[in-house]
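Remarks on the overall topology
What follows is each chain in one-letter form.
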Amino acid sequence: MSVVRVSSYFMLSSTLFVLCRPEGAAMSMSRTVPVKPRSERQEKAAPTRWVWLAAWPVTAVFVLSNAATPLYVLWQRDLGFSKGTLTVVFAFYIVGLIGSLLVSGVLSDRLGRKPVLLPALALALAACLIFATAGSVAALIVARLFAGIAVGAVVSGGMAAVSDVAGPGRARLGALLASCAMVFGAGLGPLLAGVLSEALPAPTVTVFAVEAALLASAVAVVLRMPLPDARGRASAAGSWVRVPAVPRGNGRHLALGVAVFAPGITATSFVLSLGPSLLTGLLGGTNRIVPGAMAFVMFLASTGVQFAVQRLRRGAILIAGATSTALAMVALVVAVQAASIQVLAVAALLAGAGQGMGQLGGLSLLNSTVPAGRLAEANAALNVGGYLLAGLLPVSAGYLSDAMGLTGGTTLFGAVLMTLAVVGGLVVVLGRRWVPEPR
C-alpha cells in the first residue's frame, strides 16, 4: 500500500467524519450564517486538568512509535534480516510520518482537531494488530508505516489541540505539555515492551495488547475534549496536500527550530534503531529490558530537561540543545571505540536532552509567533524538517555498519551528526536577534 493511497484514505476518513457531524451538515447546507471573529467571541477557558488530559492522546500514540524497539532482535532472529534491513523497517515509520504531515496539518487547521485525531487513533490500533501478528518483514514495514501516519497526525493536530485547550493565556504550559507528552510516550513504549516481553509469554504480542487499551482510552479523551470552535479561525488557503509551511515572516523561526531539533531527533532515532544491536554487541546477550530501559531513560531525560529549562530564554534553550546533541555524539563514538556500556548510557542521556531542548525551543518559537489557524501546519513543518534527517542518517548508518562493522559505521555517523549539531548551534547564535523572548 503506497503512502499516497494511505494518505488519501486518511483524508477521506477525516472529511466523512466532519460531514457526518450535525454541525458539519449544517455548515454544508447553509453558508449564510455569520460567524464572529475569534477575537469577538467569548470562549471560556477549559479547566487546567483538560490541558493535561489533552496531552494524553499524544502520549498514547507515541508509546506505539517506539514500542517495537526492544523486539527487533527477536524478529531478526526469527525472520533473518540484516541491520540494513532493520533500519529500512525503521525508516518506513519516517516515510509514513512525513506523508501524513503533508496532509494532516492542513486538515487539522481547516476541519478541526478531532476529525484528524480519531482516524489517526484508528490507524494506530490497526498497527497494533499487524505488529502482534507479524510474520514477515513486509508486515513489519506496513505496521511501521501505519504507526508513522498516526504519529504524523498527532504531531500536527494532537499537539496543536493541546495548545488550543490551553489557550493564549497558558501558551507556555501548552507548548511544554505537548512536547513532554511526545517524548514521554516515546520513552515509555520501549520500556513497556522490554519488561513485558521478558516477564510474560508471547513477547511480540503482549505489549501491543496493552497499547491497544491505551489507545482506546485516548479515543475517549478525544471525544470529550473541550476544543474551541474552529469555524471562526482563519486557516491557510491553497492545496490540501502540500509540503507544510509557516506564514510569511515565520520562516526564520522555523529554520532556527529545525537547525537544532533535526540533529536531536536524529540522535535519538539512531539509539532507537541500532541501540539494541550496540548493546547486544557490548553485553554479549539479548536481554530486552536493557535496551528498553535505555530508551526510556533517554526520553525521561528529554522530558525532565524540558521542565528544568522551561523558564530560560528560547535562544538559550536552543543553544543548550545543540550543545547536548554534539556532546552525545562524542560520547557515542567513545562508547563504541572503548566498548563501554556506561559511556553509551551517557550518550543516550545527552541525546535525549538535546532532542528535548531542540523540540521545546522550536515549539515555543512557533507557538508564540504563528496564528492558531496555522499552528498545526507549522508543527508539521517543524517535524518534517527534523524527521527527514532522522530517516536518512540512521538508514545510512545501518548499511555502513553492515559494510564496515558496527563500530566503524557508528563512528562515522557520530562524526557527521556532531558536525551538524555544531552548525545548528552556530545558526542559533548568529540568528538570536530573530528569537522573540517573553517579557
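Residues numbered from 1 in each chain as written. Predicted model: local features only at pLDDT ≥ 70, side-chain atom pairs only at ≥ 80, totals over all residues. Heavy atoms only, no water.

1. Remarks on the overall build of the protein chain
When its secondary structure is counted, the protein chain shows 16 helices and zero strands. Across the protein chain, contacts joining residues at least 24 apart in sequence account for 88% of those joining residues at least 6 apart. Roughly 16,800 Å² of accessible area belongs to the protein chain as shown, and the carbon and sulfur atoms make up 68% of that amount. (Helix = DSSP H or I, 4+ residues; strand = E, 2+ residues; numbered from the N terminus. Contact = heavy atoms within 4.5 Å. Areas by Shrake-Rupley, 256 points an atom, 1.4 Å probe, with all protein chains shown as cover.)

2. Regarding the confidence of the model for the protein chain
Summing up the model confidence of the protein chain, the mean pLDDT is 81 and the portion of residues at 70 or higher is 83%. Across residues 1-42 the pLDDT falls below 50, and counting only partners more than four positions away or on other chains, this stretch makes 52 contacts in the model. (pLDDT = per-residue confidence, 0-100.)

3. Regarding the packing of aromatic side chains
As enumerated under the stated definition, the model contains five aromatic pairs in all. Residues W75 and F131 carry aromatic rings whose centres are separated by 5.9 Å and whose planes lie at 20° to one another, so their mutual orientation is stacked. Here W75 is found in helix 5 (residues 72-79), whereas its partner F131 is found in helix 7 (residues 114-133), with 56 residues between them in sequence. Accessibility classification places W75 together with F131 in one group, the buried group. Seen from their ring centres, F131 and F208 are 4.8 Å apart, and the 10° between their planes marks the pair as stacked. Within this pair, whereas F131 is found in helix 7, its partner F208 is found in helix 10 (residues 206-224), the two being separated by 77 residues in sequence. Residue classification places F131 among the buried residues on the basis of a relative accessible area of 1%. Three or more aromatic residues joined by ring pairs make a cluster, and in this case those are Y72, W75, F131 and F208. (Phe/Tyr/Trp six-rings, centres within 6.5 Å; stacked < 30°, edge-to-face > 60°. Buried < 20%, exposed > 50% of the residue type's maximum accessible area, 1.4 Å probe, protein only.)

4. Some details on the environment of V205
Assignment of secondary structure puts V205 in the loop between helix 9 (171-199) and helix 10. Once the C-alpha coordinates of V205 and I130 are considered, the two residues, 75 residues apart in sequence, prove to be 9.9 Å apart.

5. Details of the pattern of salt bridges
By the definition in use, this model includes four salt bridges. A salt bridge links D164 to R113, with the nearest nitrogen and oxygen atoms 2.7 Å apart. Taken together, the residues D164 in helix 8 (residues 137-166) and R113 in the loop between helix 6 (83-111) and helix 7 connect sequence positions 51 residues apart. For the pair shown, D164 and R113 are each scored as buried. The closest approach of N and O atoms between R374 and E377, which form a salt bridge, is 3.1 Å. (Salt bridge = Lys/Arg side-chain N within 4 Å of Asp/Glu carboxyl O.)

6. Here's the deal with the packing of helix 6 against helix 15 (residues 375-404)
Interhelical geometry of helix 6 versus helix 15 gives an angle of 170° and a closest axis separation of 9 Å. Regarding the angle of helix 6 to helix 15, the classification is roughly antiparallel. Here the contact of helix 6 with helix 15 is built from residues that sort into 17 nonpolar, nine polar and four charged. (Axes fitted to C-alpha atoms, helices over the stretch in contact; angles between N-to-C directions. Parallel < 35°, antiparallel > 145°, perpendicular 65-115°, else oblique. Nonpolar A, V, L, I, M, F, W, Y, C, P; charged D, E, K, R; others polar.)

7. Section: the packing of helix 7 against helix 8
Taken N-terminus to C-terminus, the directions of helix 7 and helix 8 make an angle of 155°; their axes are 8 Å apart at the nearest point. Classed by the angle they form, the pair helix 7 and helix 8 counts as roughly antiparallel. Considering only the axes of helix 7 and helix 8, their crossing is left-handed. Across the contact of helix 7 with helix 8, the residue classes tally to 20 nonpolar, two polar and one charged. (Left-handed = near helix turned anticlockwise from the far one by under 90°.)

8. Digging into the nonpolar core
F62, W75, F208 and Y387 are the most contacted members of the largest nonpolar core, which totals 100 residues. The biggest single contributor to this core is helix 8, with 16 residues. Not counting chain neighbours up to four residues away, the residues in contact with F208 comprise L64, A67, A68, L71, W75, C128, F131 and A132. Of all hydrophobic cores here, the second largest spans eight residues; its members include L176, V305, I317 and L360. (Core = buried A, V, L, I, M, F, W, Y, C linked by side-chain atoms within 4.5 Å.)

9. As for helix 8
Between its first and last C-alpha atoms helix 8 spans 42 Å; for 30 residues at 1.5 Å apiece the expected length is 44 Å, and the two agree. Of all the bends found along helix 8, the most pronounced is centred on V154 and spans about 35°. Of all the 30 residues making up helix 8, 26 are buried; the element is thus mostly covered by neighbouring parts of the structure. Just downstream of helix 8, G167 is the residue with a positive phi angle, here 80°. (Expected span 1.5 Å × (residues − 1). Bend = angle between axes of the 7 residues up to and from the residue.)

10. Structural notes on helix 13 (residues 314-338)
Its 25 residues give helix 13 an end-to-end C-alpha distance of 36 Å, which sits within 8% of 36 Å, the value for a rise of 1.5 Å per residue. One or two positions beyond helix 13, positive phi appears at A339, with a value near 55°.

11. Topic: a nonpolar patch on the surface
Nonpolar side chains collect at one region of the surface, where V330, V334, M418, V422 and L426 lie side by side and expose about 380 Å² of accessible area between them. Mapped onto the nonpolar patch, the elements with two or more residues apiece are helix 13 and helix 16 (406-430). With respect to the element layout, V330 can be found in helix 13. According to the relative accessible area criterion, V330 is partly exposed, its value standing at 39%. (Patch = residues over 30% accessible without salt bridge, like charges linked within 9 Å, V, L, I, M, F, W, Y side chains within 5 Å.)

12. Quick notes on unusual backbone geometry
One non-glycine residue, A202, adopts positive backbone phi at about 55°. On the secondary structure map, A202 appears in the loop between helix 9 and helix 10. Despite not being glycine, A339 shows a phi value in the positive range, around 55°. Along the chain, A339 turns up in the loop between helix 13 and helix 14 (341-369).

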